[in-house]
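Take a look at the letters that make up each chain.
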Amino acid sequence: MTTRSETQSTLDHLLTEIEHRNPAQPEFHQAAHEVLETLAPVIAARPEYAEPGLVERLVEPERQVIFRVPWQDDQGRVRVNRGFRVEFNSALGPYKGGLRFHPSVNLGVIKFLGFEQIFKNALTGLGIGGGKGGSDFDPHGRSDAEVMRFCQSFMTELYRHIGEHTDVPAGDIGVGGREIGYLFGQYRRITNRWEAGVLTGKGQGWGGSLIRPEATGYGNVLFAAAMLRERGEDLEGQTAVVSGSGNVAIYTIEKLTALGANAVTCSDSSGYVVDEKGIDLDLLKQIKEVERGRVDAYAERRGASARFVPGGSVWDVPADLALPSATQNELDENAATALIRNGVKAVSEGANMPTTPEAVHLLQQAGVAFGPGKAANAGGVAVSALEMAQNHARTAWSAERVEEELAAIMTSIHTTCHETAERYDAPGDYVTGANIAGFERVADAMLAQGVI
Ligand code: GLU
(Lines give C-alpha, C1' and ligand atoms only; values in the text may rest on other atoms or scores of the structure.)
Protein backbone atom coordinates (compact mmCIF):
# COMPACT_ATOMS: atom_id res chain seq x y z
CA MET A 1 0.00 0.00 0.00
CA THR A 2 1.23 3.48 -0.82
CA THR A 3 1.67 5.81 2.09
CA ARG A 4 0.17 9.28 2.30
CA SER A 5 3.57 10.88 1.86
CA GLU A 6 4.36 8.81 -1.26
CA THR A 7 0.96 9.75 -2.66
CA GLN A 8 1.54 13.40 -1.81
CA SER A 9 4.85 13.43 -3.65
CA THR A 10 3.16 11.92 -6.75
CA LEU A 11 0.51 14.65 -6.53
CA ASP A 12 3.19 17.34 -6.07
CA HIS A 13 4.94 16.06 -9.18
CA LEU A 14 1.64 16.25 -11.08
CA LEU A 15 1.12 19.83 -9.85
CA THR A 16 4.50 20.85 -11.25
CA GLU A 17 3.54 19.25 -14.54
CA ILE A 18 0.19 21.09 -14.54
CA GLU A 19 2.06 24.39 -14.15
CA HIS A 20 4.37 23.57 -17.07
CA ARG A 21 1.64 22.35 -19.38
CA ASN A 22 -0.69 25.26 -18.63
CA PRO A 23 1.53 28.34 -18.56
CA ALA A 24 0.13 31.74 -17.55
CA GLN A 25 -2.97 30.29 -15.86
CA PRO A 26 -2.34 31.23 -12.20
CA GLU A 27 -5.98 30.89 -11.12
CA PHE A 28 -6.18 27.38 -12.57
CA HIS A 29 -2.91 26.43 -10.84
CA GLN A 30 -4.31 27.78 -7.56
CA ALA A 31 -7.56 25.80 -7.88
CA ALA A 32 -5.68 22.60 -8.81
CA HIS A 33 -3.27 23.06 -5.87
CA GLU A 34 -6.12 23.61 -3.47
CA VAL A 35 -7.78 20.33 -4.46
CA LEU A 36 -4.73 18.13 -5.03
CA GLU A 37 -3.17 19.16 -1.71
CA THR A 38 -6.07 17.52 0.13
CA LEU A 39 -6.47 14.26 -1.81
CA ALA A 40 -3.48 12.25 -0.54
CA PRO A 41 -5.38 10.63 2.37
CA VAL A 42 -8.19 9.29 0.16
CA ILE A 43 -5.89 8.13 -2.64
CA ALA A 44 -3.61 6.39 -0.14
CA ALA A 45 -6.59 4.74 1.57
CA ARG A 46 -8.34 3.55 -1.60
CA PRO A 47 -5.91 1.91 -4.05
CA GLU A 48 -8.33 2.14 -6.99
CA TYR A 49 -7.86 5.92 -6.95
CA ALA A 50 -4.11 5.51 -7.38
CA GLU A 51 -4.76 4.07 -10.86
CA PRO A 52 -2.31 5.75 -13.22
CA GLY A 53 -4.01 8.42 -15.23
CA LEU A 54 -7.08 9.00 -13.08
CA VAL A 55 -6.03 12.31 -11.51
CA GLU A 56 -4.20 13.24 -14.74
CA ARG A 57 -7.51 12.87 -16.63
CA LEU A 58 -9.38 14.83 -13.99
CA VAL A 59 -7.17 17.92 -14.40
CA GLU A 60 -7.41 17.92 -18.22
CA PRO A 61 -10.67 19.35 -19.65
CA GLU A 62 -12.56 17.00 -21.96
CA ARG A 63 -12.95 19.85 -24.45
CA GLN A 64 -12.04 23.55 -24.65
CA VAL A 65 -13.56 25.95 -27.16
CA ILE A 66 -12.25 29.46 -27.85
CA PHE A 67 -14.00 31.64 -30.41
CA ARG A 68 -14.24 35.10 -31.89
CA VAL A 69 -17.24 37.21 -30.90
CA PRO A 70 -17.64 40.17 -33.27
CA TRP A 71 -20.43 42.66 -32.63
CA GLN A 72 -21.34 46.25 -33.48
CA ASP A 73 -21.62 48.96 -30.84
CA ASP A 74 -24.28 51.68 -30.97
CA GLN A 75 -21.98 53.86 -33.07
CA GLY A 76 -21.70 51.13 -35.68
CA ARG A 77 -18.09 50.33 -34.76
CA VAL A 78 -17.10 46.68 -34.92
CA ARG A 79 -15.82 45.27 -31.63
CA VAL A 80 -14.14 41.91 -31.19
CA ASN A 81 -14.23 39.90 -27.97
CA ARG A 82 -13.12 36.39 -27.14
CA GLY A 83 -15.57 33.67 -26.13
CA PHE A 84 -14.78 30.53 -24.11
CA ARG A 85 -16.47 27.30 -23.12
CA VAL A 86 -14.47 24.73 -21.17
CA GLU A 87 -16.26 21.38 -20.97
CA PHE A 88 -14.31 19.92 -18.10
CA ASN A 89 -15.92 16.68 -16.97
CA SER A 90 -19.12 14.87 -17.93
CA ALA A 91 -18.78 11.67 -15.87
CA LEU A 92 -21.81 12.58 -13.74
CA GLY A 93 -24.02 14.32 -16.29
CA PRO A 94 -24.07 17.04 -18.96
CA TYR A 95 -21.47 19.75 -18.47
CA LYS A 96 -23.04 22.38 -16.21
CA GLY A 97 -21.80 25.78 -15.17
CA GLY A 98 -22.23 29.46 -15.76
CA LEU A 99 -21.00 32.04 -18.26
CA ARG A 100 -18.98 34.98 -16.95
CA PHE A 101 -18.83 38.26 -18.90
CA HIS A 102 -16.05 40.36 -17.38
CA PRO A 103 -12.90 42.03 -18.73
CA SER A 104 -10.73 39.81 -16.48
CA VAL A 105 -11.91 36.62 -18.23
CA ASN A 106 -9.25 34.51 -19.95
CA LEU A 107 -8.71 30.79 -20.44
CA GLY A 108 -7.04 30.31 -17.04
CA VAL A 109 -9.94 31.96 -15.22
CA ILE A 110 -12.52 29.83 -17.04
CA LYS A 111 -10.49 26.69 -16.34
CA PHE A 112 -10.27 27.44 -12.62
CA LEU A 113 -14.02 28.01 -12.52
CA GLY A 114 -14.71 24.86 -14.55
CA PHE A 115 -12.44 22.77 -12.33
CA GLU A 116 -14.17 24.01 -9.16
CA GLN A 117 -17.52 23.35 -10.79
CA ILE A 118 -16.77 19.61 -11.20
CA PHE A 119 -16.51 19.09 -7.44
CA LYS A 120 -19.25 21.56 -6.55
CA ASN A 121 -21.71 19.88 -8.88
CA ALA A 122 -20.72 16.44 -7.58
CA LEU A 123 -21.39 17.60 -4.02
CA THR A 124 -24.98 18.53 -4.87
CA GLY A 125 -25.67 14.81 -5.40
CA LEU A 126 -27.47 15.66 -8.66
CA GLY A 127 -26.57 14.41 -12.14
CA ILE A 128 -24.48 17.29 -13.47
CA GLY A 129 -20.94 17.40 -14.85
CA GLY A 130 -18.66 20.44 -14.70
CA GLY A 131 -18.08 23.22 -17.22
CA LYS A 132 -17.74 26.98 -17.44
CA GLY A 133 -17.59 29.66 -20.09
CA GLY A 134 -17.70 33.34 -20.75
CA SER A 135 -16.08 36.27 -22.45
CA ASP A 136 -13.83 39.25 -21.78
CA PHE A 137 -16.81 41.42 -22.83
CA ASP A 138 -17.66 44.12 -20.27
CA PRO A 139 -21.43 44.71 -20.06
CA HIS A 140 -20.98 47.78 -17.80
CA GLY A 141 -22.03 50.96 -19.50
CA ARG A 142 -23.36 49.08 -22.55
CA SER A 143 -26.91 49.70 -23.78
CA ASP A 144 -29.46 46.88 -23.82
CA ALA A 145 -29.18 46.82 -27.62
CA GLU A 146 -25.40 46.37 -27.44
CA VAL A 147 -25.72 43.60 -24.86
CA MET A 148 -28.31 41.91 -27.07
CA ARG A 149 -26.11 42.06 -30.17
CA PHE A 150 -23.18 40.72 -28.18
CA CYS A 151 -25.22 37.83 -26.75
CA GLN A 152 -26.59 36.96 -30.20
CA SER A 153 -23.10 36.86 -31.69
CA PHE A 154 -21.79 34.81 -28.73
CA MET A 155 -24.59 32.26 -29.13
CA THR A 156 -24.14 32.10 -32.93
CA GLU A 157 -20.96 30.15 -32.19
CA LEU A 158 -21.80 28.60 -28.81
CA TYR A 159 -25.03 26.92 -29.96
CA ARG A 160 -23.18 24.13 -31.78
CA HIS A 161 -21.44 23.04 -28.58
CA ILE A 162 -24.35 23.00 -26.12
CA GLY A 163 -27.67 21.19 -25.65
CA GLU A 164 -29.93 19.93 -22.87
CA HIS A 165 -28.14 16.54 -22.85
CA THR A 166 -24.68 17.91 -23.66
CA ASP A 167 -23.81 21.17 -21.94
CA VAL A 168 -26.10 23.53 -20.04
CA PRO A 169 -24.77 27.06 -19.39
CA ALA A 170 -26.23 29.56 -16.92
CA GLY A 171 -25.25 32.91 -15.44
CA ASP A 172 -22.24 34.06 -13.44
CA ILE A 173 -20.68 37.52 -13.02
CA GLY A 174 -22.08 39.85 -15.73
CA VAL A 175 -24.66 37.32 -16.92
CA GLY A 176 -28.12 37.56 -15.36
CA GLY A 177 -31.73 37.26 -16.50
CA ARG A 178 -31.35 39.83 -19.30
CA GLU A 179 -28.38 38.06 -20.90
CA ILE A 180 -29.89 34.57 -20.49
CA GLY A 181 -33.01 35.87 -22.29
CA TYR A 182 -31.03 37.13 -25.30
CA LEU A 183 -28.90 33.96 -25.38
CA PHE A 184 -31.95 31.70 -25.21
CA GLY A 185 -33.74 33.66 -27.95
CA GLN A 186 -30.82 33.28 -30.33
CA TYR A 187 -30.41 29.57 -29.55
CA ARG A 188 -34.09 28.99 -30.24
CA ARG A 189 -33.92 30.94 -33.50
CA ILE A 190 -30.84 29.12 -34.82
CA THR A 191 -31.90 25.61 -33.85
CA ASN A 192 -35.67 25.99 -34.38
CA ARG A 193 -36.19 24.05 -31.14
CA TRP A 194 -37.96 24.87 -27.90
CA GLU A 195 -35.29 23.30 -25.75
CA ALA A 196 -35.88 24.87 -22.36
CA GLY A 197 -33.25 22.73 -20.61
CA VAL A 198 -30.36 24.12 -22.67
CA LEU A 199 -29.86 27.12 -20.36
CA THR A 200 -30.78 27.76 -16.73
CA GLY A 201 -31.56 31.01 -14.96
CA LYS A 202 -34.35 31.67 -17.45
CA GLY A 203 -37.19 34.11 -16.75
CA GLN A 204 -40.41 33.25 -14.98
CA GLY A 205 -43.03 32.20 -17.49
CA TRP A 206 -40.66 30.73 -20.08
CA GLY A 207 -39.01 27.88 -18.25
CA GLY A 208 -37.20 29.55 -15.36
CA SER A 209 -37.39 28.12 -11.85
CA LEU A 210 -38.68 30.09 -8.90
CA ILE A 211 -35.89 30.72 -6.34
CA ARG A 212 -33.09 30.32 -8.94
CA PRO A 213 -32.07 34.01 -8.64
CA GLU A 214 -32.02 33.69 -4.84
CA ALA A 215 -30.46 30.22 -4.65
CA THR A 216 -26.71 30.92 -4.42
CA GLY A 217 -27.06 33.54 -1.68
CA TYR A 218 -29.78 31.70 0.24
CA GLY A 219 -27.78 28.47 0.03
CA ASN A 220 -24.62 30.10 1.33
CA VAL A 221 -26.44 31.49 4.36
CA LEU A 222 -27.92 28.04 5.05
CA PHE A 223 -24.42 26.56 4.84
CA ALA A 224 -23.05 29.20 7.25
CA ALA A 225 -25.95 28.48 9.61
CA ALA A 226 -25.14 24.75 9.49
CA MET A 227 -21.48 25.47 10.36
CA LEU A 228 -22.59 27.65 13.29
CA ARG A 229 -25.07 25.00 14.49
CA GLU A 230 -22.18 22.55 14.64
CA ARG A 231 -20.63 24.94 17.21
CA GLY A 232 -23.84 25.33 19.17
CA GLU A 233 -24.71 28.76 17.73
CA ASP A 234 -27.21 30.24 15.29
CA LEU A 235 -27.53 33.32 13.08
CA GLU A 236 -29.82 35.28 15.39
CA GLY A 237 -28.22 38.59 16.37
CA GLN A 238 -24.93 37.97 14.52
CA THR A 239 -23.34 40.81 12.58
CA ALA A 240 -22.30 39.87 9.05
CA VAL A 241 -20.02 41.49 6.48
CA VAL A 242 -20.90 40.72 2.89
CA SER A 243 -18.80 41.80 -0.09
CA GLY A 244 -20.15 42.38 -3.58
CA SER A 245 -23.48 43.81 -4.63
CA GLY A 246 -24.56 41.48 -7.41
CA ASN A 247 -26.99 38.62 -7.39
CA VAL A 248 -25.11 36.51 -4.81
CA ALA A 249 -24.55 39.38 -2.37
CA ILE A 250 -28.13 40.67 -2.60
CA TYR A 251 -29.76 37.33 -1.77
CA THR A 252 -27.15 36.57 0.88
CA ILE A 253 -28.16 39.79 2.63
CA GLU A 254 -31.85 38.94 2.16
CA LYS A 255 -31.53 35.52 3.81
CA LEU A 256 -29.25 36.76 6.60
CA THR A 257 -31.81 39.42 7.46
CA ALA A 258 -34.69 36.92 7.31
CA LEU A 259 -32.86 34.65 9.77
CA GLY A 260 -32.21 37.42 12.29
CA ALA A 261 -28.64 38.44 11.45
CA ASN A 262 -27.57 42.01 10.73
CA ALA A 263 -25.86 42.33 7.32
CA VAL A 264 -24.04 45.65 7.49
CA THR A 265 -22.01 45.91 4.27
CA CYS A 266 -21.91 45.54 0.51
CA SER A 267 -19.26 46.59 -1.98
CA ASP A 268 -18.15 46.96 -5.58
CA SER A 269 -14.83 47.69 -7.27
CA SER A 270 -15.01 51.36 -6.19
CA GLY A 271 -15.26 50.69 -2.43
CA TYR A 272 -17.71 49.54 0.21
CA VAL A 273 -20.76 50.72 2.11
CA VAL A 274 -21.24 50.15 5.82
CA ASP A 275 -24.74 50.62 7.18
CA GLU A 276 -25.09 50.19 10.94
CA LYS A 277 -28.85 49.66 10.71
CA GLY A 278 -28.38 46.82 8.27
CA ILE A 279 -28.48 47.05 4.47
CA ASP A 280 -31.84 48.28 3.14
CA LEU A 281 -32.48 45.70 0.45
CA ASP A 282 -35.21 47.56 -1.39
CA LEU A 283 -32.83 50.45 -1.94
CA LEU A 284 -29.91 48.19 -2.89
CA LYS A 285 -32.06 46.22 -5.36
CA GLN A 286 -33.37 49.46 -6.90
CA ILE A 287 -29.82 50.76 -7.43
CA LYS A 288 -28.23 47.51 -8.62
CA GLU A 289 -31.00 45.62 -10.40
CA VAL A 290 -33.12 48.45 -11.80
CA GLU A 291 -30.66 51.32 -12.29
CA ARG A 292 -27.54 49.14 -12.74
CA GLY A 293 -25.70 51.74 -10.64
CA ARG A 294 -22.82 51.73 -8.09
CA VAL A 295 -22.91 51.25 -4.33
CA ASP A 296 -21.88 54.85 -3.51
CA ALA A 297 -25.39 55.85 -4.65
CA TYR A 298 -26.74 53.64 -1.85
CA ALA A 299 -24.88 55.63 0.85
CA GLU A 300 -25.96 58.93 -0.70
CA ARG A 301 -29.63 57.99 -0.61
CA ARG A 302 -29.79 55.96 2.59
CA GLY A 303 -29.14 58.77 5.08
CA ALA A 304 -27.20 58.92 8.36
CA SER A 305 -26.79 55.20 9.14
CA ALA A 306 -24.70 54.48 6.02
CA ARG A 307 -21.37 55.67 4.72
CA PHE A 308 -19.35 54.88 1.62
CA VAL A 309 -15.65 54.10 2.04
CA PRO A 310 -13.90 54.59 -1.30
CA GLY A 311 -11.22 52.00 -2.07
CA GLY A 312 -11.21 50.49 1.46
CA SER A 313 -11.33 46.84 2.50
CA VAL A 314 -14.76 45.66 3.61
CA TRP A 315 -13.03 43.04 5.79
CA ASP A 316 -11.91 45.80 8.19
CA VAL A 317 -15.51 46.10 9.41
CA PRO A 318 -15.88 44.13 12.68
CA ALA A 319 -18.27 41.19 12.36
CA ASP A 320 -19.13 37.69 13.59
CA LEU A 321 -19.51 36.33 10.07
CA ALA A 322 -17.94 37.08 6.70
CA LEU A 323 -19.54 36.07 3.41
CA PRO A 324 -17.30 37.00 0.47
CA SER A 325 -19.67 37.24 -2.49
CA ALA A 326 -17.78 39.26 -5.12
CA THR A 327 -14.95 37.49 -6.97
CA GLN A 328 -11.79 35.37 -6.74
CA ASN A 329 -8.95 36.29 -4.39
CA GLU A 330 -10.80 39.20 -2.79
CA LEU A 331 -9.99 38.10 0.78
CA ASP A 332 -6.23 37.96 1.35
CA GLU A 333 -3.91 37.49 4.33
CA ASN A 334 -4.35 41.07 5.54
CA ALA A 335 -8.10 40.73 5.34
CA ALA A 336 -8.03 37.41 7.20
CA THR A 337 -5.82 38.94 9.90
CA ALA A 338 -8.27 41.83 10.35
CA LEU A 339 -11.26 39.45 10.52
CA ILE A 340 -9.54 37.24 13.10
CA ARG A 341 -8.53 40.28 15.16
CA ASN A 342 -12.18 41.34 15.19
CA GLY A 343 -13.31 37.91 16.40
CA VAL A 344 -14.92 36.45 13.27
CA LYS A 345 -16.51 33.02 13.91
CA ALA A 346 -17.24 31.80 10.38
CA VAL A 347 -16.31 32.64 6.78
CA SER A 348 -18.52 31.17 4.08
CA GLU A 349 -17.70 31.67 0.39
CA GLY A 350 -20.55 32.89 -1.82
CA ALA A 351 -18.17 33.66 -4.68
CA ASN A 352 -15.84 31.15 -6.33
CA MET A 353 -12.39 31.00 -4.64
CA PRO A 354 -12.67 34.47 -3.04
CA THR A 355 -10.22 33.57 -0.25
CA THR A 356 -6.52 33.24 -1.06
CA PRO A 357 -4.78 30.01 0.08
CA GLU A 358 -2.74 31.96 2.68
CA ALA A 359 -5.92 33.50 4.09
CA VAL A 360 -7.68 30.11 4.26
CA HIS A 361 -4.72 28.77 6.19
CA LEU A 362 -4.77 31.67 8.66
CA LEU A 363 -8.51 31.37 9.26
CA GLN A 364 -8.34 27.61 9.81
CA GLN A 365 -5.35 27.98 12.14
CA ALA A 366 -7.33 30.50 14.17
CA GLY A 367 -10.21 28.04 14.55
CA VAL A 368 -12.62 30.00 12.32
CA ALA A 369 -15.24 27.80 10.60
CA PHE A 370 -14.42 28.06 6.89
CA GLY A 371 -16.92 27.03 4.19
CA PRO A 372 -15.26 26.70 0.77
CA GLY A 373 -17.23 27.92 -2.24
CA LYS A 374 -17.56 24.55 -3.88
CA ALA A 375 -19.69 23.49 -0.93
CA ALA A 376 -21.10 26.76 0.41
CA ASN A 377 -22.19 28.32 -2.90
CA ALA A 378 -23.46 25.11 -4.52
CA GLY A 379 -27.08 26.17 -3.98
CA GLY A 380 -27.12 28.13 -7.24
CA VAL A 381 -26.12 25.29 -9.48
CA ALA A 382 -28.27 22.89 -7.44
CA VAL A 383 -31.39 24.92 -8.22
CA SER A 384 -30.22 25.08 -11.85
CA ALA A 385 -30.37 21.28 -11.84
CA LEU A 386 -33.87 21.52 -10.35
CA GLU A 387 -34.76 23.94 -13.17
CA MET A 388 -33.56 21.32 -15.67
CA ALA A 389 -35.70 18.69 -13.93
CA GLN A 390 -38.77 20.94 -14.17
CA ASN A 391 -38.02 21.65 -17.85
CA HIS A 392 -37.71 17.94 -18.67
CA ALA A 393 -41.00 17.23 -16.91
CA ARG A 394 -42.66 20.31 -18.47
CA THR A 395 -43.78 21.48 -15.08
CA ALA A 396 -43.14 24.30 -12.63
CA TRP A 397 -42.72 23.84 -8.89
CA SER A 398 -43.86 26.28 -6.20
CA ALA A 399 -41.33 28.54 -4.50
CA GLU A 400 -41.91 26.60 -1.26
CA ARG A 401 -41.05 23.32 -2.91
CA VAL A 402 -37.85 24.65 -4.50
CA GLU A 403 -36.77 26.27 -1.23
CA GLU A 404 -37.37 23.07 0.68
CA GLU A 405 -35.29 21.10 -1.82
CA LEU A 406 -32.54 23.73 -1.67
CA ALA A 407 -32.47 23.58 2.14
CA ALA A 408 -32.28 19.79 2.08
CA ILE A 409 -29.43 19.86 -0.46
CA MET A 410 -27.42 22.42 1.57
CA THR A 411 -27.89 20.42 4.77
CA SER A 412 -26.79 17.27 3.00
CA ILE A 413 -23.69 18.99 1.51
CA HIS A 414 -22.77 20.25 4.97
CA THR A 415 -23.19 16.81 6.53
CA THR A 416 -21.22 15.14 3.72
CA CYS A 417 -18.32 17.58 4.05
CA HIS A 418 -18.31 17.37 7.82
CA GLU A 419 -18.42 13.57 7.96
CA THR A 420 -15.86 13.15 5.18
CA ALA A 421 -13.43 15.45 6.98
CA GLU A 422 -13.81 13.39 10.16
CA ARG A 423 -13.34 10.15 8.24
CA TYR A 424 -10.00 11.43 6.90
CA ASP A 425 -8.63 12.77 10.22
CA ALA A 426 -9.38 16.41 9.50
CA PRO A 427 -12.30 17.21 11.81
CA GLY A 428 -13.88 20.59 11.12
CA ASP A 429 -11.87 21.04 7.91
CA TYR A 430 -14.59 21.69 5.31
CA VAL A 431 -12.00 22.25 2.55
CA THR A 432 -10.68 18.71 2.88
CA GLY A 433 -14.20 17.33 3.36
CA ALA A 434 -15.57 19.05 0.24
CA ASN A 435 -12.63 18.14 -1.97
CA ILE A 436 -12.54 14.49 -0.95
CA ALA A 437 -16.32 13.96 -1.06
CA GLY A 438 -16.61 15.63 -4.50
CA PHE A 439 -13.58 13.71 -5.77
CA GLU A 440 -14.92 10.33 -4.60
CA ARG A 441 -18.17 10.78 -6.50
CA VAL A 442 -16.51 11.90 -9.76
CA ALA A 443 -13.64 9.41 -9.52
CA ASP A 444 -16.00 6.46 -8.95
CA ALA A 445 -17.98 7.40 -12.07
CA MET A 446 -14.81 7.90 -14.13
CA LEU A 447 -13.38 4.55 -13.07
CA ALA A 448 -16.65 2.75 -13.87
CA GLN A 449 -16.81 4.35 -17.33
CA GLY A 450 -13.31 3.34 -18.45
CA VAL A 451 -10.42 5.26 -19.93
CA ILE A 452 -12.09 7.97 -21.99
N1 GLU B 1 -22.25 30.38 -11.88
C2 GLU B 1 -22.85 29.64 -10.81
C3 GLU B 1 -21.78 28.85 -10.08
O4 GLU B 1 -20.68 29.31 -9.96
C5 GLU B 1 -24.05 28.82 -11.24
C6 GLU B 1 -23.84 27.86 -12.35
C7 GLU B 1 -25.11 27.19 -12.87
O8 GLU B 1 -26.18 27.48 -12.36
O9 GLU B 1 -24.97 26.41 -13.80
O10 GLU B 1 -22.00 27.79 -9.54
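As the structure is a prediction and not an experimental result, all values here were calculated from the model.

**Quick notes on the overall build of the protein**
- Looking only at helices and strands, the protein features 17 helices and 13 strands.
- Since a compact globule built from 452 residues should have a radius of gyration of about 22 Å, the 21 Å found for the protein is in line with a globular shape.
- Of all 452 residues assigned to the protein, the portion counted as buried reaches 57%.
- Considering only contacts in the protein between residues 6 or more positions apart, those separated by 24 or more positions represent 72%.
- Total accessible area on the protein is roughly 17900 Å²; 49% of this is exposed by carbon and sulfur atoms.
- In the protein, 42 positive and 59 negative side-chain charges are present, and the distance between their average locations comes to 7 Å.

**Here we look at the pairing of strand β9 (residues 271-275)**
- Counting buried residues along β9, five of its five residues qualify, which places the element largely inside the surrounding structure.
- Following strand β8 (residues 265-268), the chain reverses through two residues before pairing antiparallel with β9.
- Of the pairings in the sheet, the one linking β9 to strand β10 (residues 306-310) comprises five bridges and is antiparallel in character. Paired with Val274 across the bridge in β10 is Arg307.

**What to know about the UniProt feature "binding site: NAD(+)" (unreviewed entry) in the protein**
- Under the UniProt annotation, "binding site: NAD(+)" (unreviewed entry) lies at Thr216 and Asn247. For the annotated residues, spread through 32 residues, the largest C-alpha to C-alpha distance comes to 8.3 Å, consistent with a single compact locus.
- Its place among the elements puts Thr216 in helix α8 (residues 212-230).
- Excluding residues within four positions of it along the chain, Thr216 makes contact with Val248, Gly350, Asn377, Gly379 and Gly380.
- By secondary structure assignment, the location of Asn247 is in helix α9 (residues 247-258).
- Owing to a relative accessible area of 36%, Asn247 belongs among the partly exposed residues under this scheme.

**Let's talk about the site of the ligand**
- Surveying the vicinity of the ligand reveals 14 residues, the closest of which are Lys96, Lys120, Gly171, Asp172 and Ser384.
- Contact between the ligand and Lys96: an oxygen atom at 2.7 Å from a side-chain N or O atom of the residue.
- Take Gly171: an N or O atom from its main chain is 2.9 Å from a nitrogen atom of the ligand.
- Calculation on the ligand without its partners gives an accessible area of 290 Å², and the protein chains cover 94% of this total.
- For the shell around the ligand, the secondary-structure elements that each account for two or more residues are β3 (95-101), α5 (107-123) and α15 (379-393).
- Each residue belonging to the shell around the ligand can be placed in one class, and the counts come to two nonpolar, seven polar and five charged.

**Describing the environment of Leu235**
- By the secondary structure assignment, Leu235 is in the loop between α8 and β6 (239-242).
- Taking the C-alpha atoms as reference, Leu235 lies 6.2 Å from Ala225; in sequence the two are ten residues apart.
- With near-sequence residues (within four places) excluded, Leu235 lies in contact with Val221, Ala225, Leu228, Leu256, Leu259, Gly260, Ala261 and Leu321.

**Section: the sheet that holds β10**
- Pairing is antiparallel in the open sheet, where three strands are placed in the order β8-β9-β10. A strand with exactly one partner marks an edge of an open sheet, and here the two such strands are β8 and β10. Strand-to-strand twist in this sheet, taken as the mean axis angle between neighbours without regard to direction, amounts to 20°.

**Description of helix α6 (residues 144-158)**
- End to end, α6 covers 20 Å across 15 residues, agreeing with the expected 21 Å (1.5 Å per residue, within 8%).
- Every buried residue of α6 is accounted for by Glu146, Val147, Phe150, Cys151, Ser153, Phe154, Met155 and Leu158.
- Buried residues belonging to α6 abut β1 (63-72), β2 (78-89), β3, β4 (130-135), β5 (167-170) and α7 (177-191).

**With respect to the sheet that holds β3**
- Pairing in this open sheet of five strands is mixed, and the strands run β1-β2-β4-β3-β5 from one edge to the other. Where the open sheet ends on each side, the last strands, each with one partner, are β1 and β5. When the angles between neighbouring strand axes are averaged without regard to direction, this sheet yields 20°.
- Sheet topology note: the β3/β4 ladder contains three bridges and is parallel. What sits directly across from Leu99, in β4, is Gly133.

Calculation notes
Residues numbered from 1 in each chain as written. Predicted model: local features only at pLDDT ≥ 70, side-chain atom pairs only at ≥ 80, totals over all residues. Heavy atoms only, no water. Helix = DSSP H or I, 4+ residues; strand = E, 2+ residues; numbered from the N terminus. Rg over C-alpha atoms; globule rule 2.2 N^0.38 Å. Buried < 20%, exposed > 50% of the residue type's maximum accessible area, 1.4 Å probe, protein only. Contact = heavy atoms within 4.5 Å. Areas by Shrake-Rupley, 256 points an atom, 1.4 Å probe, with all protein chains shown as cover. Lys, Arg positive; Asp, Glu negative; His and termini not counted. Charge placed at Lys NZ, Arg CZ, Asp CG, Glu CD. Pairing = 2+ DSSP bridges. UniProt positions renumbered as here; feature names shortened; annotations may be inferred. Near = heavy atom within 4 Å. Polar contact = N/O pair within 3.5 Å; in protein donor to acceptor, adjacent residues only side chain to side chain. Nonpolar A, V, L, I, M, F, W, Y, C, P; charged D, E, K, R; others polar. Axes fitted to C-alpha atoms, helices over the stretch in contact; angles between N-to-C directions. Expected span 1.5 Å × (residues − 1).

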